[in-house]
Amino acid sequence: MNARGLMRQRFRWSFGILQAVWKHHAAFARKGVLGWIALPNIAIFQVLLPLVSPFIDIMFFVGAIWYFIQKFFHPESTDPPASNVSLFSLSLS
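What comes next concerns the included structure.

Examining the overall build of the chain
And step 1. Of regular secondary structure, the chain possesses 3 helices and 0 strands.
And step 2. The N-to-C order of helical and strand elements in the chain reads α-α-α.
And step 3. Evaluated residue by residue, the chain yields a buried proportion of 6% over its 93 residues.
And step 4. Carbon and sulfur atoms make up 74% of the accessible area of the chain, which totals about 8200 Å².

As structure tokens, then:
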């Protein structure tokens, strides 16, 4: 399976899950396991998280690049023993 096929499969799965959630949206108002646990869980982990996951990936790469830039230009600030010593010296003053 190539990347295009995988993306099409993921889209079909996501679309099918959204259709199932919409079909059973009245269950949100009912009491019970389906209405209070299962459907909100599907809404969060199948709808919300896939929407924000590209942003999370971008922030991870930006953070990793920022760390290596800081490590190159300020090696003492990324060294854990040096940060412990500086925190200890600040607490003594």
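Re the packing of aromatic side chains
Two measures describe an aromatic ring pair: the distance that separates the ring centres and the angle between the ring planes.
And step 1. In total, this model carries 4 aromatic pairs according to the counting rule given.
And step 2. On the numbers, 6.0 Å between centres and 15 degrees between planes, the contact of F11 with F15 is stacked. With F11 and F15 both in helix 1 (residues 3-23) and 4 residues apart, the pair spans about one turn of that helix.
And step 3. When its relative accessible area of 44% is taken as the criterion, F15 is described as partly exposed.
And step 4. A centroid spacing of 5.0 Å and a plane angle of 80 degrees characterise the contact between F72 and F73, whose relative ring orientation is edge-to-face.

Digging into a nonpolar patch on the surface
And step 1. Taken together, the side chains of I44, F45, L48, L49, L51, V52, F55, I56, I58, M59 and V62 define a hydrophobic patch exposed on the protein surface, amounting to about 1000 Å² of accessible area.
And step 2. Inspection of the secondary structure assignment puts V52 in helix 2 (residues 33-73).
And step 3. Classification of V52 by relative accessible area gives partly exposed; the value is 34%.

Topic: the environment of L18
And step 1. Looking at the element boundaries, L18 is found in helix 1.
And step 2. When the C-alpha positions of L18 and A43 are compared, they lie 8.2 Å apart, and in sequence the two are 25 residues distant.

How each quantity is defined
- Residues numbered from 1 in each chain as written.
- Predicted model: local features only at pLDDT ≥ 70, side-chain atom pairs only at ≥ 80, totals over all residues.
- Heavy atoms only, no water.
- Helix = DSSP H or I, 4+ residues; strand = E, 2+ residues; numbered from the N terminus.
- Buried < 20%, exposed > 50% of the residue type's maximum accessible area, 1.4 Å probe, protein only.
- Areas by Shrake-Rupley, 256 points an atom, 1.4 Å probe, with all protein chains shown as cover.
- Phe/Tyr/Trp six-rings, centres within 6.5 Å; stacked < 30°, edge-to-face > 60°.
- Patch = residues over 30% accessible without salt bridge, like charges linked within 9 Å, V, L, I, M, F, W, Y side chains within 5 Å.
- Salt bridge = Lys/Arg side-chain N within 4 Å of Asp/Glu carboxyl O.

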